[in-house]
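Single-letter residue listing:
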Amino acid sequence: MMSLPSKVTIVEVGARDGLQNEDFVSTDAKVALINQLSQTGLTHIEAGSFVSPKWVPQMADSGDVFARIEREDGVIYAALTPNLKGFEQAMASGANQVAIFTSSSEGFCQRNINCSIAESLKRFEPLIQAAKAQHMPVRGYLSCVADCPYDGPTQPEQVASVAADLLALGCYEISLGDTIGTGTPLRIARMLDAVQRHVPTEQLAVHFHDTWGQALANLYQALSMGIATLDSSVAGLGGCPYAFGAAGNVATEDVLYLCHGLGIETGVDLPAVARAGWAISAELARMPTSKVSLALHQQAIAATKTKQH
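Report follows, based on the coordinates. Since we're looking at a predicted model, the values are computed, not measured.

Topic: the layout of surface pockets
Here is step 1 of the chain: The space that makes up the second largest pocket amounts to roughly 290 Å³.
Here is step 2 of the chain: In this structure, the second largest pocket is lined by 18 residues; those nearest its centre are Asp210, Asn249, Ala251, Asp254 and Thr289.
Here is step 3 of the chain: Grouping the constituent residues of the lining of the second largest pocket by class yields seven nonpolar, seven polar and four charged.

What to know about the packing of helix 7 (residues 156-169) against helix 8 (residues 185-196)
Here is step 1 of the chain: Close contact between helix 7 and helix 8 brings their axes to 8 Å; oriented N to C, the two are set at 40 degrees. By the angle class used here, helix 7 and helix 8 are oblique. As helix 7 runs across helix 8, the sense of the crossing is right-handed. Contacts from Pro156, Glu157, Val159, Ala160 and Ala163 of helix 7 reach helix 8 at Arg190, Met191, Ala194 and Val195.
Here is step 2 of the chain: Of the residues in the contact of helix 7 with helix 8, the class split is seven nonpolar, no polar and two charged.

Comments concerning the pattern of salt bridges
If charged atoms from side chains of opposite charge come close, those side chains can pair.
Here is step 1 of the chain: Taken as a whole, this structure holds ten salt bridges when the rule is applied.
Here is step 2 of the chain: For the salt bridge of Arg16 with Glu46, the shortest nitrogen-to-oxygen distance reads 2.8 Å. Here Arg16, found in helix 1 (residues 14-18), pairs with Glu46, found in strand 2 (residues 44-49); they are 30 residues apart in sequence, far enough to count as distant. The burial state of Arg16 is the same as that of Glu46; both residues are buried.

Quick word on the packing of aromatic side chains
Two descriptors summarise a pair of aromatic rings, namely the distance from one centre to the other and the angle between the planes of the rings.
Here is step 1 of the chain: A complete count under the given rule lists two aromatic pairs for this structure.
Here is step 2 of the chain: A centroid spacing of 5.8 Å and a plane angle of 35 degrees characterise the contact between Phe50 and Phe66, whose relative ring orientation is tilted. With Phe50 in the loop between strand 2 and helix 3 (62-68) and Phe66 in helix 3, this residue pair connects regions lying 16 residues apart in the sequence. Here the two residues Phe50 and Phe66 agree in accessibility, since each one is buried.
Here is step 3 of the chain: Over the aromatic face of Tyr141 sits the side chain of Arg16, whose NZ or CZ is 5.6 Å from the ring centroid.

Reading the values: rules and limits
- Residues numbered from 1 in each chain as written.
- Predicted model: local features only at pLDDT ≥ 70, side-chain atom pairs only at ≥ 80, totals over all residues.
- Heavy atoms only, no water.
- 1 Å grid on protein atoms, 1.4 Å probe; cavity = no way out; pocket = protein on both sides within 12 Å on 5 of 7 lines; lining within 4 Å.
- Points joined across faces, edges and corners; volume = space filled by probe spheres on them.
- Nonpolar A, V, L, I, M, F, W, Y, C, P; charged D, E, K, R; others polar.
- Axes fitted to C-alpha atoms, helices over the stretch in contact; angles between N-to-C directions.
- Helix = DSSP H or I, 4+ residues; strand = E, 2+ residues; numbered from the N terminus.
- Parallel < 35°, antiparallel > 145°, perpendicular 65-115°, else oblique.
- Left-handed = near helix turned anticlockwise from the far one by under 90°.
- Contact = heavy atoms within 4.5 Å.
- Salt bridge = Lys/Arg side-chain N within 4 Å of Asp/Glu carboxyl O.
- Buried < 20%, exposed > 50% of the residue type's maximum accessible area, 1.4 Å probe, protein only.
- Phe/Tyr/Trp six-rings, centres within 6.5 Å; stacked < 30°, edge-to-face > 60°.
- Lys NZ or Arg CZ within 6 Å of the ring centre and 35° of its normal.

None of this, on its own, says anything about what the molecule does.
Encoded structure:
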């Protein structure tokens, strides 16, 4: 087992992975969220997705979002792109990184992007070639690294095989997603152990959902195995439209509190992220699911009452 990393990169996915699962969020609200997150010290924000509006109508305004956000120097504004057309739209919108996505399981791949895993990788070849020509980094998302809602448990060797394929295709980093949030630390350790035999640790990220309350425990396991790039979602926004009952991604606020408590540098201002989370939650007429954010809110209320007395 490796020692914990001294610093980590937080990849904020709330504005894309989180909001794509909401019924409707205005373009104004998305822009405001990304602008707020840009002021927190985050260096990687997924700002939208150039997929067919027929499949993900919530992301139909991604071009407008990219046009209106106030960009900060040193911040990557990334977009999810399923094909060459999406890549071209992302380029035209000024995205400075793109991501492609496939699955570790055939059942999820068929229902999510209507093709086999092998076919999905083949589809990405022209996109990767175009990205190389434009010197555009491509990130690879790999779903269902623990379980699939259709095929059941995913074998670690299967995850490792597809991760190696994404690396060979030209992805600079592979984000390993526990899409339905059923993973446990032991299972995540076995999966990572298999993947790390095929993909360098520094080219791996983890993307955990919290359906069964294990995301932070799984994150700690990943950190202990040298993983230093963590996907998370402000206020715990999200879910998965193809995985019934899947909870949102692990909340960015909770990840920051964990890392700071472990002495791991993030470069991110936790209270500022929490404020952004409360603002978008108000737009959605609900509370953040982040326990840290809720605790900070209660702490602030208590401090106000103390001052009044």
